[in-house]
Amino acid sequence: MKMNRILPALFLSTAALILGVGAPPSLPADSLQLKSGQKVEGEVISFDGKNLKIRSQFGAGSAEVPYPMALIEKVTLTVPPALSAALAEPVAAAVPVLEEYWKRWEPFLAVPETDTGRVALALAKAHLASGKKKDGQTALGLTEAVRSRDWNSGRKEEATRLRLTALAASGKIEQAMEEASQLENLGGGDESGLAQARVRSLLLKADLAWKKLLKLEETWPKWQEMPEQRAEHSQLRQEALDGFVFGATFHPELADLASEGLWKAVEAHHHLQQKDQAIVLAREITGYFPSAEFKPRAEQFLKQNPTPNK
Amino acid sequence: MGSAHLMLTLESMFKSRILPLGMLLLFWVGSGSAVLAQEPKSATDLLQAGFYAYQNREWPKAEELLGRFASDYGKSAEAAQYMEKVLRLLALAQIQQKKFQEAEPHLDRYLKSYPQGDAIEEIGFWLGVARSRTGNPSGARQSLEEFIKKHPQSRRVPDAQLLIALTLYEEDKFAAVADYLQPLMARMPPSLAGQAGILQLASLLEAGKLPEALAALRAFDPQAPSATRLSAFQLLALSLGDKLADKNEARSALEAYQRIWSKPRVLARQQGRLRELEEAVARAAADKGEDRFEELRLRDLAGQVKGDMVNLEKIPDYDTALQFRIARAFVDLERFREAQLVLARMVEKLPASEMLAQAYYQRLVCLAQLERWEEAIGQAEGFEKKFPGHKLSPNVAYFRAEALMRLQKHEPAAAAFADVAARFQNFSEAERCHFLAGYCQMMLDKNTEAVAHFDRHLEQWAKGAFREQVVYWQAMAYHYAKEYEKSREAHGRYLKEYPKGTYAADSQLRRAYALFARKDYTAAYKELETLVKERPGTATSDEASNLLGDSYFAMGEIDRGIEAYRRTSVRDPRMFDYAWFRVGQAFKALEQYDKQEAHFREFLKKRADSPRLAEALGQLAAIHRRNGEDEKARNLYWEALREHGDKGEMQGVEALATTLVKMHRAPELLEPFLGRLAGLEREAASAGKKTLAARALWTRAQAIMKSQPDTAREWLRQLPGAEPGTEPVHLSPILLADAGDALREAGSAEKAQVCYQTILRWHPRSLLKDRAYAGLGLLAEKSGERGQALEWFERFEKESIQSPLLAQVLQAKARILVIEGRTDEAIAQLGRILEIPSARGLGWVEALYRMGELHLKKGDPGKAVPHFQRIYVMYGRWTDYVAKSYWQSGQAFEKLQRMEEAKKTYQEFVSNTHLKETPEYAKAEARLKEMGI
């Protein structure tokens, strides 16, 4: 790559060129697409909100060159295989890799076309996978960052939903439920998208109610003997189950979401020792909403809980 | 759905193959207009003018001219070379005018005359179309099948196939339509697939093949661009759902209904498709090419879509009816949750109408099925507000009353049931409601009111369905009111009327009980003996046996009494234990101590988990003590502690441990006892019996509580174990409360909190909850969490208002309120202490003194004085408070400038020489000196 190709004339006089010596290091192939049509490759190393600095290779050395964002059309940050694997499966083991890239890429969260938000959300999910309150708080911070700063509106929406899970995981279930209600009342958007958003948010709200119920059971092992706790348990149970079956009741066309909700209802009924109801809904999944993820689980459940056909 | 609509579309779907004709017309086009300027007379003129008219799409003229040519010159040899084209154009001009009847012979003639003709494929197809439009479906089918056979590669084949299906439909051969279309569906071009799908669905429905229709419904994609007739699809789906519901196929019906869109959604989408169609029609009309059939096809289709929309719009309350059907299907599937969700949405969205009333009611039914009583009450009240005087009002009011009863809200339930019975006297459940109103009164212990209520019931419904229940429960109301004479009479009436009634056995028992209550034991035992004999092995006979035993004992017939008690089975353990203890007491009364001992020893074996275990041990210990066998008595308890001490849930273990402590009060017994307990603790701990080990330690602490309270509390603090964060679930509530208090007093807040929380978490019904709430409140107060403390105290008052700790809690509340500047509220809380009899003494003194102080703080010495006075007048025993009260009282008078009264107060104070040691005494003396006394 020739220097006169990658450096616009504008910067020849002002660019801070730091030429390295010795064997050229192997640089990641990040790239900038300039508005002029030029493409610059190298390693994107910093962004201060106005200027983005990229380290490019020049013969035997490398140079760090700042570019004003105003001249940049698109920034592509290379996703190496390790990060790609972590993004595909954001479990607890993926936290170190995701954290490393999040630290490195965080400044680019608002830069169009970058995948920084994706890394942040994967890291949040990986933290949430641990089930620990502290990790829930970390996840909350990450979702908040994406929600407020990501350039991608789709990811902002995802972050808004994931934030509720993080709130719940960090023990702020009440707040999560309140925010879920607000989300539920959001309008606008296309018909199918709106239906999906509504089913998702109700499912999330139901999840939160169910978590709260489990917490109540844990806090008050003898809740059945306690009138107030019994009433709260009943209210949470109804809220959770109503939310779980909402998709299958009103939007059966959203088969995957309906199936997910029904499966959660099966698990809830099973937990509540309402085996008959659990079986009815498991049969619903196998018969009418056979999603790849939940049909095998429902079949397994029915196998383990055989009953004569009604 | 009529087939005519479908046919209209299909018959006009075809384009004419008129290229050869076009070429011919080009040849003549130059002279045609000139010929047409005058009336054509010659064959050439007719031909030229006819072709010209056809080219100009003047169909009637073309028909007329070409028809004249055919009839006038058609048979001449010169015309032969033109006849193939003349016949074709003549037929097509007629088809353009939808004159299928007239076109048919020309098409037929063409096919017969020109089997190798250029337009043989097109004309063959059109013959089928024409026949289908002229009431000859079988002829049409024959022509179309022949067309497909001869021209299998024709692009008209799918059209012909669809038309064949239509002719079958026309002949009501619905199953044949479905069979015919089934293998073709996958190959149908997109432009026809939507219509074929509709035809298939309609045919399957007509053929009664509902599972196949459901499969067709599933295969139809209303989102596909080819699905032009959305409204027709929705109506078919609705019809399918209804048919399935009629056959009790609720789940399948539900599936059909759930595929139906709301009317606004269908109409909006349909309107969009119609707009597209009309644009296509306009484009086709603007196209001056010779292919006019696309325009006709689209125009017809647009017309049908409009018709579908009109049909859909005509259906009143379409969406509501659909939602009802969905809810109904869920109800039929006993999925009340989903049904109520659907109905809830209807209730939210519907304007006030009969439909809304029905939705309200059905939702109420579902909520009752789900036992969501609070919501059911809300729903019922909403209904009554929205639909006063509705025909369903009685049912709704009944549900509301029932919900209140289920929530144990008997007071409003009684009123609600009575209201239903009074307002809706013709309601089918009016009698039941009236009865339940009385029943709820009994639950409120308003037995006298219930008796009167049931009297009114029997007057109003002398032969009602609930007569038996009413007669019985009225007798029971007398029984509960302790009006035994009346109870006996009333039960007698019941037995006379219902000798084999549901409650006959119980009525017999209550009658005997009435005799027993008036001490007529002789009469009572006779009736009870009969009852026990008549109903052996029943719950009633157990209760009767006990009452019989009581009667015999009252008569002094001990042996017969014992015999009666021994008949009581263990079905009801409480009743069994009662009988056992009565027998034991009889042995004691008869001074048959050996029998008494054997009897209670057997009890220990039979009823090891009885809550009366400690009582039984007490009986045995008393026997030993009476015999001077104190060691035996102590060992008895000791063994019981060893045996049952590790049973965490067992009641009475602490009571027997406390008795054991009392048995070892003597100094010479205490030390060995403590050593033995320590040994038991170690042994239990090494055997993993954590509860027993803890109980042994707790017993040790109890044994030295008075002599070495610090050590005792230290031991109590050790009860939860040293492991931090571990919940001491192995401890019984009393151990937890004692440990919690000891830890709290020693400043181990966190550990104390765990102990108290464990009581609340694991023993929510324990009577020691008061100590947990109080302890948690005090801990919160100490750590400055005043809001949290007040919350705990609120819970305390809500759940443990009878607690002896109430005064302490009120004191703490007052302290917090003072800090928060809520002095009046603090004074009020302290005032409440003066209403607690158990706090009389120091508790009252402390409250009075603090109230006085707070009044002073408020700058109201006038109100402070009586509180101080009350202390030194009435509570002389608490000298420190008496001295402080004198001093404060004197000071208050001085602030009020009532110097004489102040002086008298100080004088009275110093005249009590037994108060000389108090710090206030010297201050009073000094003040008197200053005042010149």
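## Description of the pairing of strand β2 (residues 39-47) of chain A
All names here are of chain A.
Move 1: Sheet analysis places strand β1 (residues 30-34) next to β2, joined by four bridges and oriented antiparallel. Following the sheet pairing, L32 is matched in β2 by V40.
Move 2: Hairpin connection between β1 and β2: a loop of four residues separates the two successive antiparallel strands, and G37 in this loop has a positive phi of roughly 105°.
Move 3: Sheet topology note: the β2/strand β3 (residues 51-58) ladder contains four bridges and is antiparallel.

## Section: the interface of chain A and chain B
Move 1: Tallying the contact residues gives 25 residues for chain A and 26 residues for chain B.
Move 2: At the junction of chain A and chain B, the tally comes to six salt bridges.
Move 3: One salt bridge connects A:E284 with B:R335, and the closest N-O pair in it is separated by 3.1 Å.
Move 4: Broken down by element, the residue count for the side of chain A that touches chain B peaks at 10 residues, all from helix α10 (residues 227-250) of chain A.

## A few points about the packing of aromatic side chains
Residue and element names in this part refer to chain B.
Move 1: The final tally for this structure, using the stated rule, is 47 aromatic pairs over all chains.
Move 2: A ring pair is formed by Y398 and F399, whose centres lie 6.2 Å apart and whose planes are at 50°; its orientation type is tilted. The same class applies to Y398 as to F399, namely buried.
Move 3: Taken together, the ring pairs in this structure connect F435, Y439, F454, F466, Y472, W473, Y494, Y498 and Y503 into an aromatic cluster.
Move 4: Taking NZ or CZ as reference, R265 lies 4.0 Å from the ring centre of W261, over its face.
Move 5: The ring of F581 has R612 lying over it, and the distance from NZ or CZ to the ring centre is 4.1 Å.

## Side note on the confidence of the model for chain B
Residues and elements named next belong to chain B.
Move 1: Residues of chain B with pLDDT of at least 70 account for 95%, and the chain-wide mean is 90.
Move 2: Across residues 1-36, confidence stays below pLDDT 50; counting only partners more than four residues off in sequence or on other chains, it has 103 contacts.
Move 3: Among the scores for the predicted complex, ipTM is 0.77 and pTM is 0.72.

## Focus: unusual backbone geometry
All names here are of chain B.
Move 1: Of note in this structure, Q408 is not a glycine but carries a positive phi near 65°.
Move 2: In this fold, Q408 is placed in the loop between α21 (393-406) and α22 (410-423).
Move 3: Unusually for a residue other than glycine, K482 sits at a positive phi of about 65°.
Move 4: As for its placement among the helices and strands, K482 is situated in the loop between α25 (467-480) and α26 (484-497).
Move 5: Using a relative accessible area of 60% as the deciding quantity, one classes K482 as exposed.

## Things to note about the pattern of salt bridges
Residue and element names in this part refer to chain A.
Move 1: Counted under the stated rule, the structure contains 92 salt bridges over all chains.
Move 2: Put simply, D150 and R155 hold a salt bridge, and the shortest N to O gap is 2.8 Å.
Move 3: Look at D150 and you get buried, because its relative accessible area is 2%.
Move 4: A relative accessible area of 9% means that R155 is categorised as buried.

Here is what the cut-offs are and how they apply
- Residues numbered from 1 in each chain as written.
- Chains lettered and ligands numbered in written order.
- Predicted model: local features only at pLDDT ≥ 70, side-chain atom pairs only at ≥ 80, totals over all residues.
- Heavy atoms only, no water.
- Pairing = 2+ DSSP bridges.
- Helix = DSSP H or I, 4+ residues; strand = E, 2+ residues; numbered from the N terminus.
- Contact = heavy atoms within 4.5 Å.
- Salt bridge = Lys/Arg side-chain N within 4 Å of Asp/Glu carboxyl O.
- Phe/Tyr/Trp six-rings, centres within 6.5 Å; stacked < 30°, edge-to-face > 60°.
- Buried < 20%, exposed > 50% of the residue type's maximum accessible area, 1.4 Å probe, protein only.
- Lys NZ or Arg CZ within 6 Å of the ring centre and 35° of its normal.
- pLDDT = per-residue confidence, 0-100.

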